Amino acid sequence: METQILKEKQTAHKTTERITGSEAIVKCLLAEGVDVLYGYPGGTIMPVYDVLHKCQDKIRHVLTRHEQGAAHAAQGYARISGKVGVAIATSGPGATNLVTGITDAHVDSTPIVCITGQVASHLLGSDAFQETDIVSISTPVTKWNHQITRASEIPEVIAKAFYIAKSGRPGPVLIDITKDAQFEEFDFEYEKCTGIRSYNPVPNVVTTAVQKAARLINDAKKPMIIWGQGVILGEAEEELKAVIEKTGIPAAWTILGASAIPTSHPLNVGMVGMHGNYAPNKLTNECDVLIAIGMRFDDRVTGDLKTYAKQAKVIHFEIDPSEIDKNVKAHVAVLGNAKESLQRLLPFLTKKSYPRWHQQFKELYRTEFEKVIDKDLNPVKERLTMGEVLKEINRQSKGKAAIVSDVGQHQMIACRYAQFNKTKSNITSGGLGTMGFALPAAVGAKMAAPERDVIAIIGDGGYQMTIQELGTVLQTKVAVKIVVLNNDFLGMVRQWQQLFFDKRYASTELVNPDFVNIAKGYFIKAKRVTQRKELSASVKEMMEYEGSYFLEVSVEKEDNVFPMIPSGASVSEIRLS
């Protein structure tokens, strides 16, 4: 009888049961709605893996081929689903291998929870085998982290981890759990976290700030909107659309904001940033009111801050108070979730149109089309261009696919030319620029949204940084489409060397393996395209194939991506060649 009382204690509101720390970890994940997690086993996390083995019907563990791949897969899962992604690893190198993905998630505000094993608590600080102080290492690149040394801490800490990761401005959280805490028994009960004292993730929207912003917008002659990922994270896509359609204001986007509004929307004037569109970049320095929504004025967007939008009144809609006035001084700051802020703004706005102002955008677009876009999409060159590959993918996917791009020239081409008709369709490494991101992130994205076509667009350089994740594709049979645009160079670095280092191509030309045979070695259907006449049929075959598919396209070796704002230059100095 006493044993039964110890095993299960009933109260008026809660039920406790006596279980191990490792069992508690899995129960916590299930309570948070986790259906899949990505990881790699090892000594100090083995108790958790033993429990996962017993719970395969409730929660799926995906064995990646490297812990970095696990973190990126969790990111891809989170970015397309809006849920918290989960990665798990052992101590020492297992934990440190997660750090690149954690940092990427931190810079791009992606909600992931990473759980690492740790040596037993009595060994902490002794330089034990595979002991690493991952809490100290990850502190600068996590939203929160915590080390657990007692099993009784597990429920509260994991509940906090999920709440912190998803609330307000999302981000990564790391929980480090000693091995003895995983074995220790305790009386388990779980309660989701709904708030933390002194932590206010979403500022209250101040009506006077909204009204002041509305007055500036209504009085503007040449207003311009730049939206970022905050619109997507805040699920404010419909509110943004309503604002731009009521006001008639031309609206541009940052890389991470892409897909919040369909590419074809008549008020969508393109991408800002180093390789963004000509018109929105140049006219940033001509608008009289600049409305920034859920974006952080990254240096790749602003160029030289001394010359950035100095003529404009700046209105900044932002959930994170630390971003206000950090890079660009705001004349009006509206703190809060983008959805609520725009809902509150809309009734105060006047219905308007700006035909002359829009004409300036159209004229500059024509210039860009003649000098850049037409050559990218309709080339007369013998070899294929990256742009025409994206054009063909657009045609066959009808803009419904989720595009997961790696980092480099192909990333800029994908962001510039991919057609997006659905939100959460552009998944890429923005702020950190992590080569190797796309393949594992595409795996996570496809698992989170199996009903969608998920296409990874990767360069031959970045592909080889996480090429081992083809093993994950093989083992999981995830039907991701992989397109490698192969120019036999580290293309973006080579472009800079050509333009700014007198064509001294130092360590950027690649001698590549046979990518098609490597894919076939992983039992993935694969094909190489070298001729323009082969492209359409090959993309069609890839899109219609039910399983995973690898398509290598040989493209022009020394093409450059334009427009381009040279590093440190003004957005007005954007180059077309």
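These numbers come from a predicted model, not from an experiment.

1. Quick notes on the overall build of the protein
Next up, step 1: A tally of regular secondary structure across the protein gives 24 helices and 21 strands.
Next up, step 2: For the protein, the C-alpha radius of gyration of 25 Å lies close to 25 Å, the compact-globule estimate for 577 residues.
Next up, step 3: Referenced to the eigenvectors of the C-alpha coordinate spread, the extents of the protein come out at roughly 85 × 60 × 40 Å.
Next up, step 4: With 577 residues in all, the protein has 58% of them scored as buried.
Next up, step 5: Relative to all contacts within the protein whose residues are 6 or more apart in sequence, the contacts with residues 24 or more apart total 76%.
Next up, step 6: If you sum the accessible surface of the protein, you get close to 23,700 Å²; carbon and sulfur atoms cover 51% of it.

2. A closer look at the packing of aromatic side chains
Next up, step 1: If you walk through the whole model with that rule in mind, you get 11 aromatic pairs.
Next up, step 2: An angle of 90° between the planes, with centres 5.9 Å apart, marks the rings of Y163 and Y199 as edge-to-face. On the criterion of sequence distance, the pair formed by Y163 in helix α8 (residues 154–166) and Y199 in the loop between β9 (185–188) and α10 (207–219) is long-range, its members being 36 residues apart.
Next up, step 3: Judged by its relative accessible area of 17%, Y163 is buried.
Next up, step 4: Of the residues examined, Y199 reaches a relative accessible area of 23% and is grouped as partly exposed.

3. Observations regarding the state of the cysteines
Next up, step 1: Using the criterion set out here, one finds 0 disulfides in the structure.
Next up, step 2: No disulfide involves C55; its sulfur sits 12 Å from that of C28, the nearest cysteine.
Next up, step 3: Note on C114: no disulfide assigned, nearest cysteine sulfur contributed by C28 at a separation of 16 Å.
Next up, step 4: Judged by its relative accessible area of 0%, C114 falls in the buried class.

4. Concerning the packing of helix α17 (residues 386–397) against helix α18 (residues 409–417)
Next up, step 1: Relative to each other, α17 and α18 sit at 45°, their axes nearing to 9 Å. Considering the angle they form, α17 stands oblique to α18. Remark: the crossing between α17 and α18 carries right-handed chirality. In contact with M386, G387, L390 and N394 of α17, α18 contributes Q409, H410, I413, A414 and Y417.

5. Some remarks on helix α12 (residues 237–247)
Next up, step 1: Taken together, the buried positions of α12 are E237, E239, L240, V243, I244 and T247. Buried residues of α12, viewed axially, fall in a sector of 165°; they line one side.
Next up, step 2: Where α12 ends, the next residue or the one after it, G248, has phi of about 70°, a positive value.

6. Structural notes on the confidence of the model for the protein
For any part of a model where pLDDT is low, the fine detail of the predicted coordinates should not be relied upon.
Next up, step 1: The predicted model of the protein has a mean per-residue pLDDT of 96, with 98% of residues at 70 or higher.
Next up, step 2: Contacts for the low-pLDDT stretch residues 1–12, under 50 throughout, to residues beyond four places or in other chains number 13 contacts.

7. Some remarks on the side chain of T116
Next up, step 1: If you trace the backbone, T116 turns up in strand β6 (residues 112–118).
Next up, step 2: A distance of 2.7 Å separates the side chain of T116 from the side chain of D176, its partner in a polar contact.
Next up, step 3: Setting aside residues up to four positions removed in sequence, T116 forms contacts with I45, A89, T90, A95, L98, I134, L174, I175, D176 and I177.

8. Considering the sheet that holds β6
Next up, step 1: In spatial order, the strands read β4-β3-β5-β6-β8-β7; together these 6 strands make up an open sheet with parallel pairing. In this open sheet, the two edge strands, each paired with only one partner strand, are β4 (60–63) and β7 (144–148). When strand polarity is set aside, the average angle formed by the axes of neighbouring strands in this sheet is 20°.
Next up, step 2: By the bridge criterion, 5 bridges tie strand β5 (residues 85–89) to β6 in an arrangement that is parallel.

9. Observations concerning the sheet that holds strand β12 (residues 268–271)
Next up, step 1: One open sheet accounts for 6 strands, arranged β12-β11-β10-β13-β14-β15; its pairing is parallel. The sheet terminates laterally at β12 and β15 (332–335), the two strands that pair on one side only. Taken over all neighbouring pairs, the strand axes of this sheet differ in orientation by 20° on average, direction set aside.
Next up, step 2: In the packing of α12 onto the sheet, the strands contacted are β10 (223–227), β11 (251–253) and β13 (289–293), and the crossing angle to β10 comes to about 165°.
Next up, step 3: Running at roughly 130° to strand β14 (residues 313–318), helix α15 (residues 338–345) makes contact with β13, β14 and β15 of the sheet.

10. Considerations on the pattern of salt bridges
Next up, step 1: Per the stated rule, a full pass over the model turns up 25 salt bridges.
Next up, step 2: A salt bridge links E185 to R18; the shortest N-O distance between them is 3.8 Å. Note that E185 is positioned in strand β9 and R18 in strand β2 (residues 15–20), a separation of 167 residues in sequence.
Next up, step 3: Among the residues examined, R18 registers a relative accessible area of 31% and is labelled partly exposed.
Next up, step 4: Between K326 and E323 there is a salt bridge; the shortest N-O distance is 3.0 Å.
Next up, step 5: Since its relative accessible area comes to 5%, E323 is described here as buried.
Next up, step 6: Taken together, the salt bridges that share partners define one network made up of R169, D320, E323 and K326.

11. Here's the deal with helix α24 (residues 532–544)
Next up, step 1: Within α24 the residues assigned to the buried category are L535, S538, V539, M542 and M543. Projection of α24 onto a plane perpendicular to its axis shows the buried side chains occupying an angular sector of 130°, all on one side. Among the exposed residues of α24, those oriented more than 90 degrees off its buried face are K533 and E544.
Next up, step 2: Looking at the packing, one finds that the buried side of α24 touches α17, β18 (454–459), β19 (481–486), β20 (525–529) and β21 (549–554).

12. Re the environment of T100
Next up, step 1: Checked against the element boundaries, T100 lands in helix α6 (residues 99–107).
Next up, step 2: Each C-alpha atom, one on T100 and one on G69, is 9.7 Å from the other, the two residues being 31 residues apart in sequence.
Next up, step 3: In contact with T100, other than residues within four places in its own chain, are Q68, L432 and T434.

13. Focus on the environment of R452
Next up, step 1: Relative to the helices and strands, R452 resides in the loop between α19 (438–448) and β18.
Next up, step 2: The exposure class assigned to R452 is buried, which follows from its relative accessible area of 7%.
Next up, step 3: When neighbours within four sequence positions are excluded, R452 is seen to be in contact with I80, K400, A401, A402, K422, T423, K424, S425 and K446.
Next up, step 4: Here the side chain of R452 touches S425 through a polar contact of 2.6 Å, side chain to side chain.

Rules used in this analysis
Residues numbered from 1 in each chain as written. Predicted model: local features only at pLDDT ≥ 70, side-chain atom pairs only at ≥ 80, totals over all residues. Heavy atoms only, no water. Helix = DSSP H or I, 4+ residues; strand = E, 2+ residues; numbered from the N terminus. Rg over C-alpha atoms; globule rule 2.2 N^0.38 Å. Buried < 20%, exposed > 50% of the residue type's maximum accessible area, 1.4 Å probe, protein only. Contact = heavy atoms within 4.5 Å. Areas by Shrake-Rupley, 256 points an atom, 1.4 Å probe, with all protein chains shown as cover. Phe/Tyr/Trp six-rings, centres within 6.5 Å; stacked < 30°, edge-to-face > 60°. Disulfide = S-S within 2.5 Å. Axes fitted to C-alpha atoms, helices over the stretch in contact; angles between N-to-C directions. Parallel < 35°, antiparallel > 145°, perpendicular 65-115°, else oblique. Left-handed = near helix turned anticlockwise from the far one by under 90°. Arc of directions from axis to C-beta. pLDDT = per-residue confidence, 0-100. Polar contact = N/O pair within 3.5 Å; in protein donor to acceptor, adjacent residues only side chain to side chain. Pairing = 2+ DSSP bridges. Salt bridge = Lys/Arg side-chain N within 4 Å of Asp/Glu carboxyl O.

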